[in-house]
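# Structure assessment
Chain by chain, the residues:
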Amino acid sequence: MVDIDLSQPPFTLLDETGREWVRGGVDLAYFDNDEIVLDAGQPGEFVYVIHKGEIAELDTSMSRSQARIGHYTTGDLFGAISILNGKSRYRFQAEQESLCYLLPKALFEQLCDTYPAFAEFFRQRLSEKARLLTEHRTQGGVTMAGFMLASVSECMRNPLVVSSQTSIAQAVAELNHSQADSLLVGEGHRFGMVTKTDLLNALVVEGVSQETPVLTIAHFALVSVRPDQYLFEALVDMTRHQVSRVVVTEADKPVGVVELTDVLSYFSSRSYVVSLQVEQATSLDELVRASSRTPELVQALMAQGVKLRFAMGLLGALNGRIMAKAWRFLVDEPYCDRTCLMVMGSEGRGEQILKTDQDNGLILPDDLEWPDCRQRMDAFTDVLIRMGYPPCPGNIMVSNPAWVGTQTEWRQRIDRWVAHRDGDSLMNLAILLDAHAVAGDARLLESLRESLFASCAGNELLLSYFARTALRFSTPLTLFGTLKKPQHGIDIKKGGIFPIVHGVRTLALERSIHPTSTLDRLEALVEDGRLDARFADDLGEALSLFTELRLRQQLERLHDTEPEQQDSRLVVQQLSSLERDLLREALHIVKDFKQRLSHRFHLEY
Amino acid sequence: MLRTLRRAADRRRQAGGDFGWLFNPYTGNELVAIDCETTGLDPRRAELVSIAAVTIRGERVITSESLDLRMQCPASLDGDSIRIHGLRSVDLEGGECVGDALARLMDFVGNRPLLGWCVEYDVAVINRQLRPRFGFDLPNALIDVSHRYAREMRRKHPELDPDRGFESMAHMLDVPVMGRHTALGDAVTTALMYLRLQRRVLRVG
């Protein structure tokens, strides 16, 4: 009977008997400040679980300042690897008075023998542990209730109603125009349903002429629901009657249609609804409304345990559509098709999740005259601000003439940046390298990228300067120790995300790799033979972890308005012990990557 | 004085009995922390509900070597004490009779010194049950952490009036309270407090 918390992995991998063994088999010990718990080279006798206190992991072969390689606090577990390897590689030293549970070696080995999953846990790599974390979280199913309680009215489409005189040809035209799958045809007080399949069968199988009234092929036996019913009731009705759409009626009048695909998308994610709203928006106001729902969508996806990579992809596509649509509303023919609007920075990489600053630019073809370009671009920036994309503090926006130009002007800029190689030029190159076309003629950007690669790829000196930036911020390997107050946290953006993104970007520039997202670049680099698949995998997983931790923090702070809350510091003590474990490993991967970079680009001095 | 005489008498009487070895002097480095949950606070009337004991070896609390005994429901078990230790008569079903429990306790403790928070009280309650059944009192040396604590506090902070309450002691010694008001939890916490006192760590706050 001890107060040991067994609700976190790896103890969740045991069954109740195993947990009972742990509870009955552990001892307690106190370690004073600076006391050595387990020295390097000592055989591992116990697995330690910290009940209270902090323990540092030190590499005794390194100099004092670099010795510290890990940090453990309440709820963390260490010493297991020492048992598996026979002796400890590092020294574990108490940084505070610490109370630890001691799980004897014999019991640990017995647990490993009896529970293979438990043993496996200590041999796993980061990506496998991350999967565990996701599973652990989805068990919560926090917002699932929200989905189960959704009502029909939240998911129905407006019905497409046509009069009884409408012909089949008109009906098809009407369906195409409103991007619907079915329509209702009214006759007196009755309404009949006609689906695309019905039309197809009538025209092809039965050979009815196109002028036949659509009324003749309509079904009048309809399954109907009320708008205030639960959405899953509609789903049950569809399953029972084997139909894929139901009509929503209120006071005997059809007010909407619920399609099976909509319901399923709604239950799997609300993405479909948001993208539907974006597609169907016919004015800027509607677009603004649709775009304001994206944070809620992210929250829902995360709660369901959707892998961040896919969530990012979805959001990237959605944001792209929103911008493209806004572009169409604001810019007239022929300019909107002949120019190329590109987004850059994290948006270009498709890695922003919540709305980040707008980083965008415009490429004009050499032979285009556009007199009021400046005014139009100012208006476009203002619209994006209205839609919730804050202006870029570095003024990398289409409203800034430095980021608008013809193809020739852009090429001259690139040449100038390459020649200068100073801080700003390198940053501009990095930004441009991530550019992704969202509207207009994407070929303009492709040809620009080609010339960018042509002038950079072989330029070792430039690459070396370019790579150096990745080493600019030190990796916070000591999660808490070096900070004055624990609540200061660590800067996950500078310490984790930036080195990976920039390092991978450098390698992509070196190898002229076209994709812009970091994960895609990693894949391409593996194919290219530049990185081995295992390391690329770990890097991608580390990046996902950082992004996810950062995102969760942003979501929590979504409603805070105080500006000092809006930084990217992560308070490590608030994480669960498994998350801390993952973070520790991910930061080690970053450190390893930085070492490889400095070796490749000769940055040691 | 009376106690010493009694112990001498007990010892002579038990010399050839089953528990004679309890009276041998102890030479090892182990201690046993004990705690009892009882039906009241008056040692002349309170009856045992549960007894727990845990070994301290060197610097470690050996929670894997511990004893946790529940008694048969005593007649005086009422709402007031249930509220404290949370053991209802239902929970005590299948508990041991007092005689067996005490025999097991003595087997576990042996002649090692006993440690407790206000250990005199626990031992008084035990002895009241022990003497009629076995004919002797517990002969073990007793260590009371609350005395140790008060002494340490007087030495380090003579200006403070030490609060010897269980929780405030745990707080001052920076010891987490494990399962308060379960016999084993309190015994473990007591053991931890003792280890802290041995290291002379005090937090004034």
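Residues numbered from 1 in each chain as written. Chains lettered and ligands numbered in written order. Predicted model: local features only at pLDDT ≥ 70, side-chain atom pairs only at ≥ 80, totals over all residues.

Quick look at the overall build of chain A now. Within chain A one finds 25 helices and 20 strands. Residue burial in chain A is summarised as follows: out of 605 residues, 38% are buried. Across chain A, every contact between residues at least 6 apart in sequence was considered, and the portion connecting residues at least 24 apart equals 71%. (Helix = DSSP H or I, 4+ residues; strand = E, 2+ residues; numbered from the N terminus. Buried ≥ 20, exposed ≤ 12 C-beta atoms within 10 Å, placed from the backbone. Contact = placed C-beta atoms within 7 Å.)

Now for the confidence of the model for chain B. Residues and elements named next belong to chain B. In this model, chain B carries an average pLDDT of 83, and 97% of its residues clear a pLDDT of 70 or more. Ranking the elements of chain B by mean pLDDT puts helix H2 (residues 79-85) last, at 75, and strand S4 (residues 114-116) first, at 92. The ipTM, which scores confidence in the relative placement of chains, is 0.76 for this predicted complex, and the corresponding pTM is 0.59. (pLDDT = per-residue confidence, 0-100.)

Moving on, we come to the nonpolar core. Core analysis: the biggest nonpolar cluster contains 88 residues, and Met-342, Ile-363, Ile-500, Ala-542 and Ala-586 of chain A have the highest contact counts within it. Here this core gathers at least three residues from each of two domains, domain 3 (271-456) and domain 4 (467-600) of chain A. With residues near it in sequence (within four places) discarded, Ile-363 of chain A still touches Thr-339, Cys-340, Met-342, Gly-405, Gln-407, Trp-410, Leu-444, Leu-445 and Leu-448 of chain A. Val-26 of chain A together with Leu-22, Ala-52 and Leu-173 of chain B belong to the second largest nonpolar core, which has 85 residues in total. (Core = buried A, V, L, I, M, F, W, Y, C linked by C-beta atoms within 7 Å. Domains from an automatic or database assignment.)

In this section: the interface of chain A and chain B. Across the contact, 15 residues belong to chain A and 20 residues belong to chain B. Within the side of chain A that touches chain B, the residues separate by chemical class into seven nonpolar, three polar and five charged. With two bridges connecting them, strand S1 (residues 27-31) of chain A and strand S3 (residues 60-70) of chain B associate as antiparallel partners. Paired with Ala-29 of chain A across the bridge in S3 of chain B is Arg-60 of chain B. (Nonpolar A, V, L, I, M, F, W, Y, C, P; charged D, E, K, R; others polar. Pairing = 2+ DSSP bridges.)

This part is about the sheet that holds S1 of chain A. The sheet built from nine strands is open, its strands ordered S6(A)-S3(A)-S8(A)-S1(A)-S3(B)-S2(B)-S1(B)-S4(B)-S5(B) with mixed pairing. The sheet is open, and its two borders are formed by strand S6 (77-78) of chain A together with strand S5 (142-144) of chain B, each paired with just one other strand. As paired elements, S1 of chain A and strand S8 (residues 98-104) of chain A share five bridges and run antiparallel to each other. Looking across to S8 of chain A, one finds that Phe-31 of chain A is bridged to Ser-98 of chain A.

Moving on to unusual backbone geometry. Positive phi is not limited to glycine here, since Arg-421 of chain A has a value of about 55°. Position of Arg-421 of chain A among the secondary structure elements: in the loop between helix H18 (407-420) and helix H19 (423-433). The backbone of Asp-174 of chain B shows a phi angle near 60°, a positive value even though the residue is not glycine. When the 19 C-beta atoms within 10 Å are taken as the criterion, Asp-174 of chain B is described as partly exposed.

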